[in-house]
Amino acid sequence: MNKREVYAILTALIFLGVYVYEYSLNEEEKATVVSEGQVVKAHTKEYLLPTSTTGQVVHHEGYSLSYSEPHEQPEWVAYQLKKSDLSKANYKRPYFEIDKAVKTGAAHWNNYKNSGYDRGHLCPAGDRRHSLSAYKETFLTSNISPQEHTFNSGIWNNLEQQVRYWAKQYNGVFVITGGVLEEGLKSIGKEQVSVPDYFFKVLLSTQNGKTNMIAFLVPHKNSDRPLYEFVVSVDEVEKLTGIDFFSKLKDEIEYKLEASNNSSTWDFYD
DNA sequence: CTGAGACGC
DNA sequence: GCGTCTCAG
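Residues numbered from 1 in each chain as written. Chains lettered and ligands numbered in written order. Predicted model: local features only at pLDDT ≥ 70, side-chain atom pairs only at ≥ 80, totals over all residues. Heavy atoms only, no water.

1. Quick word on the overall build of chain A
Step number 1: In terms of helices and strands, chain A carries eight helices and 11 strands.
Step number 2: Sequence-distant contacts in chain A: of pairs separated by 6 or more residues, those separated by 24 or more amount to 70%.
Step number 3: Per element, the accessible surface of chain A, about 14,000 Å² overall, is 51% carbon and sulfur. (Helix = DSSP H or I, 4+ residues; strand = E, 2+ residues; numbered from the N terminus. Contact = heavy atoms within 4.5 Å. Areas by Shrake-Rupley, 256 points an atom, 1.4 Å probe, with all protein chains shown as cover.)

Shown next as structure tokens:
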């Protein structure tokens, strides 16, 4: 068996696992899940967006972002991942385009060419396969960051798949992701696109009528360690990035949840 | 799934 | 620059 076949089988097993899980739910449990999803849906996009330290927030149909001109990439990308966003449609990858909505001028994809780094999606293309326009919209240079291929296709890919699993399990999650942008980072290309040393992901879901958060801080290096070892508090991500997450939630809820790094309410693959 | 690169028009 | 093809983690 060659490697391609191994990956194909692993991918098939993941889909099978999700299918079996959903099939195992009885009608009552399904109704509960739907009801939880409606709570998440009730939050408007604006309500859940983090603060911008750069002053340049751009809204697209499928996601919003805050662009950092000095680092030539977003400081965060935020979107709601609904169950209905996940489909099997297999679109052909388009070319990356400069995001014209970024007024200071988003980076050209040529900065990444022969740099040795991937054009790593922050709002993953795989999370936007519900329609061709939504899929293509993720191929904007305002939605990517330089990532090592082993990282992007390794642990970061694992995390993205874990998020898709949670989106199905909890009928939707709100996702905020980005690289930790700081001074002194290595850069690539003529426009000097920064290469982050860490990437973060902050998630919010509603389970059993309760709001839950979880945050990940992953060094920009592939790892075989399980994902739960990269769980941190939202506060820690805020401290590193200067971004304020979920500031419009009731203060007491925000304070309690963001200080916690208890991941027990999130069901991990491993 | 996540991506890159070569070649032809 | 776009389309098609091959390739790798």
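From this point, things continue past the structure.
2. Focus: the pattern of salt bridges
Step number 1: Within this structure, the stated rule accounts for three salt bridges.
Step number 2: Measuring nitrogen to oxygen at the nearest pair gives 2.6 Å for the salt bridge that ties Asp127 to Arg164. Pair noted here: Asp127 is in the loop between strand 4 (118-121) and helix 4 (132-137) and Arg164 is in helix 6 (residues 155-169), with a separation of 37 residues, a long-range link. Judged on exposure class, the residue Asp127 and its partner Arg164 are both buried. (Salt bridge = Lys/Arg side-chain N within 4 Å of Asp/Glu carboxyl O. Buried < 20%, exposed > 50% of the residue type's maximum accessible area, 1.4 Å probe, protein only.)

3. Thoughts on the UniProt feature "domain: ENPP1-3/EXOG-like endonuclease/phosphodiesterase" (unreviewed entry) in chain A
Step number 1: Per the UniProt record, "domain: ENPP1-3/EXOG-like endonuclease/phosphodiesterase" (unreviewed entry) is found at residues 60-252.
Step number 2: Between the end C-alpha atoms of residues 60-252 the distance is 31 Å, and the span holds 18% helix and 28% strand. (UniProt positions renumbered as here; feature names shortened; annotations may be inferred.)

4. Observations regarding the nonpolar core
Step number 1: In this structure, Trp166 and Phe216 are the most contacted members of the largest nonpolar core, which totals 45 residues.
Step number 2: The set of elements that each furnish at least two residues to this core consists of strand 2 (64-68), strand 3 (73-81), helix 6, strand 6 (173-179), strand 9 (198-207) and strand 10 (210-219).
Step number 3: With near-sequence residues (within four places) excluded, Trp166 lies in contact with Asn171, Val173, Leu203, Ile214, Phe216, Trp266, Asp267 and Phe268.
Step number 4: Ranked by size, the runner-up nonpolar core spans 21 residues in total, among them Trp76, Met213, Val232 and Ile243. (Core = buried A, V, L, I, M, F, W, Y, C linked by side-chain atoms within 4.5 Å.)

5. Concerning the protein's contact with DNA strand B
Step number 1: Taken together, 17 residues are adjacent to DNA strand B, and Arg119, His121, Gly126, Arg129 and Asn152 come closest.
Step number 2: Protein-proximal atoms of DNA strand B, defined as those within 4 Å of the protein, fall in sugar or phosphate at a share of 91%.
Step number 3: In this structure, Asn152 approaches DNA strand B through a side-chain N or O atom, which is 2.7 Å from a sugar or linking oxygen.
Step number 4: One of the side-chain N or O atoms of Arg164 is found 3.2 Å from a phosphate oxygen in DNA strand B. (Near = heavy atom within 4 Å. Polar contact = N/O pair within 3.5 Å; in protein donor to acceptor, adjacent residues only side chain to side chain.)

6. Details of helix 6
Step number 1: Helix length check: helix 6, at 15 residues, gives a terminal C-alpha distance of 21 Å against a target of 21 Å (1.5 Å per residue), a fit within 8%.
Step number 2: For helix 6, the tally of buried residues reaches 11 of 15 residues, placing the bulk of the element in the interior.
Step number 3: By the burial criterion, the buried members of helix 6 are Ile155, Trp156, Leu159, Glu160, Gln162, Val163, Arg164, Tyr165, Trp166, Ala167 and Gln169.
Step number 4: Note on helix 6: the residue one or two positions beyond its end, Asn171, has a positive phi of about 55°. (Expected span 1.5 Å × (residues − 1).)

7. Description of the pairing of strand 6
Step number 1: In terms of burial, strand 6 is a largely internal element, seven of the seven residues being buried.
Step number 2: A two-sided burial pattern is seen for strand 6, the buried positions comprising Val173, Val175, Thr177 and Gly179 on one face and Phe174, Ile176 and Gly178 on the other.
Step number 3: The sheet contact formed by strand 3 and strand 6 spans five bridges and is antiparallel. Following the sheet pairing, Ala78 is matched in strand 6 by Ile176.
Step number 4: Judged from the six bridges that link them, strand 6 and strand 9 form a sheet pairing that is antiparallel. Paired with Thr177 across the strands is Lys201, a residue of strand 9. (Pairing = 2+ DSSP bridges.)

8. Here we look at the pairing of strand 2
Step number 1: Most of strand 2 sits inside the fold, with five of its five residues counted as buried.
Step number 2: Burial along strand 2 is two-sided: Ser64, Ser66 and Ser68 facing one way and Leu65 and Tyr67 facing the other are all buried.
Step number 3: Once strand 1 (residues 57-59) ends, the chain turns through four residues before running back antiparallel as strand 2.
Step number 4: As paired elements, strand 2 and strand 3 share five bridges and run antiparallel to each other. Directly across from Tyr67, in strand 3, lies its bridge partner Pro74.
Step number 5: The turn linking strand 2 back onto strand 3 is made up of four residues, and Glu72 within it adopts a positive phi angle of 55°.

9. With respect to the sheet that holds strand 3
Step number 1: Strand order in the open sheet formed by seven strands is 1-2-3-6-9-10-11, and the pairing between neighbours is antiparallel. Looking at which strands have only one partner, the edges of the open sheet turn out to be strand 1 and strand 11 (231-232).
Step number 2: Against the sheet, helix 7 (residues 234-241) makes contact with strand 9, strand 10 and strand 11, and its axis sits at roughly 50° relative to strand 10, the strand it touches most. (Axes fitted to C-alpha atoms, helices over the stretch in contact; angles between N-to-C directions.)

10. Observations regarding helix 8 (residues 251-259)
Step number 1: Taken together, the buried positions of helix 8 are occupied by Glu254, Leu257 and Glu258. Summarising the axial view, the buried residues of helix 8 lie within an arc of 95°, below the 170-degree limit, and thus occupy one face. Seen from the buried face of helix 8, the exposed residues on the opposite side, beyond 90 degrees, are Glu252, Tyr255 and Lys256.
Step number 2: On its buried side, helix 8 packs onto strand 10 and helix 7. (Arc of directions from axis to C-beta.)

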